Amino acid sequence: MGLLTFFLLDKCWPDFNKNAAPLDFLESQISMTGSSSDHDATPLSSDQGATPLSYFKYDVFLSFRGHTRREFTDALYHALVNKRIETFRDSEKLRIGEELEGALLEAIERSRMSILILCDEYPTSKWCLDELVKIMECSGNGTKRPVLPVYFRVAKSDVQFQKNKYETAMAAHKKKGRYNHKLEAWKSALSQVGKIHGQRCDQKTAWGEAIDNIVEEVTKRLPPLPLYIDRPLGCDSDLEEAKSLLEIGSHATCFMLGIHGDGDEISKFVAELYNKIRPHFVTASFLSSISEKTNESGGGLEHLQETLLSEMGEEVRTKIGSTFKGSSEIKQRLGQKRVLLVLDDVDSIQQLDSLARRTDWFGPGSRIIITTRYEDVLDDHILNNGVEVKKYCIAEGSSSTVKEENVVGLEKDFEIVINQLKEEDSPGNVVSIVGMGGLGKTTLARKIYNSDEVKILFRCRAWATVSKDYSGKEVFKSLFKCLKPSASKLEDSSSEEELKQKVKKCLEGKKYLVVLDDVWDSKAWRTIKNCFPENNNGGMILVTTRNDQVAYASESKEPHHNLSFMDKERSWELFHKEVFCRRSCPPELESIGRSIVESCKGLPLAIKTTAGLVAKRERSEDAWEEIMNLLPYWSVADEDSSEEMMELLKFSYDDLPNKMKPCFLYLGVFPEDEEIWVRDLIRLWIAEGFIEPIQIGRSKSPPQLEDIGEQYLKELVDRNLVQVAKRRSDGKGVKTCQIHDLFRELCISESNKPDNNNNNARRLSYPSNVGAYASIVTCNESCTCSLFIYQDVEHVWPHHIPEDCQVNVLYFPDWFTDINRTATDEYLKGLVKSLRFLKTGFSESYELCKFQGLETCDSYVHNGLSIGGFKKLRHLRSEFGVSLSADEVGVNDKMQNLQTLGYVSAESQLGSLLDNGCFPNLRKLGLKIAEEHGSTEDNLKRLHCLSNLRKLVLMFEECRAPLDRVTFPSNLIKDYLVRF
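Description of the structure in this document. Bear in mind the structure is a predicted one, so any value in this text is a computation, not a measurement.

Thresholds, definitions, all that
- Residues numbered from 1 in each chain as written.
- Predicted model: local features only at pLDDT ≥ 70, side-chain atom pairs only at ≥ 80, totals over all residues.
- Heavy atoms only, no water.
- Helix = DSSP H or I, 4+ residues; strand = E, 2+ residues; numbered from the N terminus.
- Buried < 20%, exposed > 50% of the residue type's maximum accessible area, 1.4 Å probe, protein only.
- Contact = heavy atoms within 4.5 Å.
- Areas by Shrake-Rupley, 256 points an atom, 1.4 Å probe, with all protein chains shown as cover.
- Axes fitted to C-alpha atoms, helices over the stretch in contact; angles between N-to-C directions.
- Left-handed = near helix turned anticlockwise from the far one by under 90°.
- Nonpolar A, V, L, I, M, F, W, Y, C, P; charged D, E, K, R; others polar.
- Core = buried A, V, L, I, M, F, W, Y, C linked by side-chain atoms within 4.5 Å.
- Pairing = 2+ DSSP bridges.
- Phe/Tyr/Trp six-rings, centres within 6.5 Å; stacked < 30°, edge-to-face > 60°.
- Disulfide = S-S within 2.5 Å.
- Expected span 1.5 Å × (residues − 1).
- Salt bridge = Lys/Arg side-chain N within 4 Å of Asp/Glu carboxyl O.
- Arc of directions from axis to C-beta.
- Polar contact = N/O pair within 3.5 Å; in protein donor to acceptor, adjacent residues only side chain to side chain.
- Parallel < 35°, antiparallel > 145°, perpendicular 65-115°, else oblique.

### Side note on the overall build of the protein chain
For the protein chain, the count of helices and strands is 37 helices and 32 strands. For the protein chain, the proportion of its 980 residues judged to be buried stands at 55%. Residue pairs at least 24 apart in sequence account for 69% of intrachain contacts in the protein chain once pairs closer than 6 positions are excluded. Carbon and sulfur atoms make up 47% of the accessible area of the protein chain, which amounts to about 43500 Å² in all.

This is the structure:
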């Protein structure tokens, strides 16, 4: 059996199942149904924990009579949405036929809570009454899920006992006789909901007041969700190590864990840890940005004490008044509770004294996690308060968002720029690094940004890459994410001005360092500079630019630091390191090697590129002389020589095998500085026909196209044409990559040359907030069109497809794009018959079924998918799970090309498909298994037939995994176990 490595990746939804439901949650669920005189509140035999929170699509289902839509209900709906409460309200178009079905039925089932606007005409609607029956069924009459009735100008007793207009409506239904078989269910549902205390809104109640009360109550009743983390760090071993220090299983005493270290991702690390262990505690609080919130503008320590108590379920009716009283309140109220408390970004002992001075402030089994950039704060806490604090240090650079390159030289440049950053008494707070493309401006800035000296000088740091085609909003978003790593992804919806003000607020009063990398012109500087506070407190801005005029416009300190070209020795050192690593150069090659390096004229990028070319050739004098003779003569004496420099870079492109050239040129369709997912890139190459099968003898199986694509990418990386951004967890494979903007320009210029127009495929890329860019790359198909759509142009993209073009690729990086919403016209539907690659947010299964030529589908597939017709499918990825089905023909046919399948629900026909050997070459499988799907052991045993399976993701939803009784496929390399 192959090596199995299990990682416990807790999604950490709050643990609300019947065996471990927190007491506070049970009490709140019972209290929301009213007193015993109004409702027989039975203990929860099966609460919301029986359904994992990942199942739910909406927070609130809004049930109402149609005539209130444009009045009270509309105002309530928008108030809920403005509070970021995902709310479903129906339309008449969804009411088709005699029974609830489709979107309405699903919306009720997948809503965490329901609100009923019970007006006098509510019972006259058959649809409202059917909704009510379904709501009460799904909610267990309000015991499994919250139900909030709003008595809109009707009495509660009218609903419960069907009096007045409710009696009249029931009589009218009975008289018609059409729905007599439903009358008893309708009456029962009205009686049950009438027992629940809700909100009243009569003629004397102001709508605004009623709506505020409803929104507040909804916020209280919805169970807490885990902290949202944009782009998790993926450092599971570190998280497990930190978790082990907390000894979660021990209830004997209260532990404190201090996590210290520097880095922009420390808050994100502790947020992931919080989500992992949150289900083990009755109540919890995550207090972020303690140092920022301690000052007066942030509310001070008293406000933090109030927040802590409130999040722990303790009502704070009046202002605490002083931190001394607040400390006493915390100890008195939480002294017997098993709690989880995170104090993030602590920078003083006073903060700990006020919020968590001693372990006896909290009940046995409690865990207090403290994050700080200063280890001495933890030491002072141990010394002053006599507590034991376990320490955990986040390794420097382990999760840094700005990676430092391993380079040669720059020591003198580093020292000069650092000294300028230290000069607080000299005028101006901007330091500039100036130089042409490829000299190493970004590399130097990274070395400075990540240096220990700078981390001590500037405890607040942020980085943004501006680039030529910049977007002010994207720059402010990058800065804000560095300053507030734990900020919700909902911040992405903020306007440019809102993001600018948020950045400004984060920097106020701080001694900060902000790096603005690759600023091209003065206009960009003028757009960005207003986010910096006027009352500078020692904050500094480091700008890298190709244009000395930008340095003057920013009034940076003089002299501006101009990067010079490398001298002969440093050039040779860099070349030697790239070609030979740690080995020595053979003496017979050194002379000719130095001649090759000399032709690069000291430009680091040119040296690296040429070294990548040389490293691929035979290490002989003849081979190296051939390279030297082919290198064109060129000069990089000034900015005007960029064309000559491009000629040198083009030499590396020309040296590529012909089959790899279109793969390299394809990188030009991605926006500048984009981190490109290698998984997507290789699948795009395949969809475009750039990778062809290798013919080998009959005795061996030919390599898969994906494996060939991996080798192509490795070749491009080895030649320094492509940069590695992130590696996979195994440290070997490449997860994301980038291309230098000079090489991107080369891709664009080469792909648009007239001699590349024969038998071409047109590719159109629409970057966000920028005009369209067209790239032409030669391939074997004629008259095809591939579209890459970024954000703001998603509604107009169908109009850019010529009538005589087939659609090969539709690529929407924005995961929330709904292709069904943006591609509705018949004209487009006639074009997608040749679609091979689809990446989008949501897709209806009936729409996907038209794309029988799909090779890659990365989308949340709604309402299941009949997979039998997709004979060319290689990769199917649906983040939230898909239910597979297949007709009899499909079950018997083998899908030879399918390699990736995830996530698939075990309730689908997957078992039958596996038993029939339909997926003989499947390599990656993501499987969702729930208790209602049948025997977990039987589901897992069926995997044994997947002899080519390499990676398996098992997502267990509230059920146990008998892994010790399961024989896994022998080729399995990785196995992930995920719990909800």
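### Thoughts on the packing of helix H23 (residues 568–580) against helix H25 (residues 604–615)
For any two helices packed against each other, one specifies the crossing angle of their axes together with the interaxial distance. Where H23 meets H25, the axes come as close as 9 Å, and the angle between the chain directions of the two elements is 35 degrees. Where H23 crosses over H25, the two elements pack in a sense that is right-handed. Residues Ser571, Leu574, Phe575, Glu578 and Val579 of H23 form the contact with H25, whose own contacting residues are Pro604, Ile607, Lys608, Ala611, Val614 and Ala615. Here the residues of the contact of H23 with H25 are counted per class, giving eight nonpolar, one polar and two charged.

### Looking at the nonpolar core
Core analysis: the biggest nonpolar cluster contains 71 residues, and Ile448, Leu479, Leu516, Phe532, Leu542, Phe575 and Trp624 have the highest contact counts within it. Ignoring any residue separated from it by four or fewer positions in sequence, one finds Leu542 in contact with Val417, Val431, Ile433, Ala445, Ile448, Leu513, Val514, Val515 and Leu516. With 50 residues, the next largest nonpolar core counts Val60, Ile108, Cys128 and Val218 among its residues.

### Concerning the sheet that holds strand S12 (residues 430–434)
The five strands lie next to each other as S13-S14-S15-S12-S16, forming an open sheet whose pairing is parallel. With partners counted over all chains shown, the strands left at the sheet margins are strand S13 (460–465) and strand S16 (561–562), one partner each. Bridging between S12 and strand S15 (residues 540–545) involves five bridges; their strand directions are parallel. By the bridge assignment, Val431 is partnered in S15 with Leu542.

### Some words on the packing of aromatic side chains
Enumeration according to the criterion identifies 19 aromatic pairs in this entry. Ring centres of Phe575 and Trp624 lie 6.2 Å apart, and the angle between their planes is 85 degrees; on these two criteria the pair is classed as edge-to-face. With Phe575 in helix H23 and Trp624 in helix H26 (residues 621–630), this residue pair connects regions lying 49 residues apart in the sequence. With relative accessibility at 1%, the residue Phe575 sits in the buried group. Measuring from ring centre to ring centre gives 6.1 Å for Phe580 and Trp624, while their planes differ by 40 degrees; the resulting arrangement is tilted. Here Trp624 lies in helix H26 and Phe580 lies in helix H23, a separation of 44 residues in the sequence.

### Details of the pairing of S13
Taken across its six residues, S13 has five buried, putting it largely inside the fold. Direction of pairing for S13 relative to strand S14 (residues 512–519): parallel, over a ladder of six bridges. Among the inter-strand pairings, Thr465 is bridged to a residue of S14, identified as Asp517.

### Thoughts on the state of the cysteines
By definition, a disulfide links the sulfur atoms of two cysteines through a covalent bond. For the structure shown, the criterion picks out zero disulfides. Of all cysteine sulfurs, the one in Cys506 lies closest to Cys460, which takes part in no disulfide; the gap is 7.4 Å.

### Remarks on helix H10 (residues 266–277)
Look at H10: 17 Å from first C-alpha to last across twelve residues, which is about the 16 Å you get at 1.5 Å a residue. Of all twelve residues making up H10, twelve are buried, and the element is well covered by its neighbours. Listed in full, the buried residues belonging to H10 are Ile266, Ser267, Lys268, Phe269, Val270, Ala271, Glu272, Leu273, Tyr274, Asn275, Lys276 and Ile277.

### Topic: the pattern of salt bridges
Side chains that carry opposite charge are capable of pairing whenever their charged atoms lie near each other. Here the structure, examined in full by the defined rule, presents 27 salt bridges. Measuring nitrogen to oxygen at the nearest pair gives 3.9 Å for the salt bridge that ties Lys134 to Glu137. Taken together, the positions of Lys134 and Glu137, both in helix H4 (residues 126–139) and three residues apart, correspond to about one turn of that helix. Lys134 sits in the buried class, given a relative accessible area of 14%. When the shortest N-O distance is used, the salt bridge between Lys650 and Asp654 registers 2.9 Å. You can see Lys650 and its partner Asp654 sitting in helix H27 (residues 642–654), four residues apart, about one turn around the helix.

### A closer look at helix H13 (residues 323–334)
Between the first and last C-alpha of H13 there are 16 Å, a value that for twelve residues agrees with the 16 Å anticipated at 1.5 Å per step. Residues Gly326, Ser327, Ile330 and Leu334 constitute the buried set of H13. On an axial view of H13, the arc spanned by its buried residues comes to 100 degrees, and they lie on one face. The exposed set on the far side of H13, more than 90 degrees from its buried face, consists of Phe324 and Gln332.

### Description of the environment of Asp518
Mapping Asp518 onto the fold places it in strand S14. Taking the C-alpha atoms as reference points, Asp518 and Lys441, separated by 77 residues in sequence, lie 8.2 Å from one another. A distance of 3.0 Å separates a polar atom in the side chain of Asp518 from a polar atom in the side chain of Trp520.

### A few points about the packing of helix H24 (residues 587–598) against H26
In contact at an axis separation of 10 Å, H24 and H26 are set at 10 degrees when each is read in the N-to-C sense. The angle between H24 and H26 falls in the class roughly parallel. Touching Glu588, Leu589, Ile592, Gly593, Ser595 and Ile596 of H24 are Glu621, Trp624, Glu625, Ile627 and Met628, all from H26. For the contact of H24 with H26, a count of residues per class yields six nonpolar, two polar and three charged.

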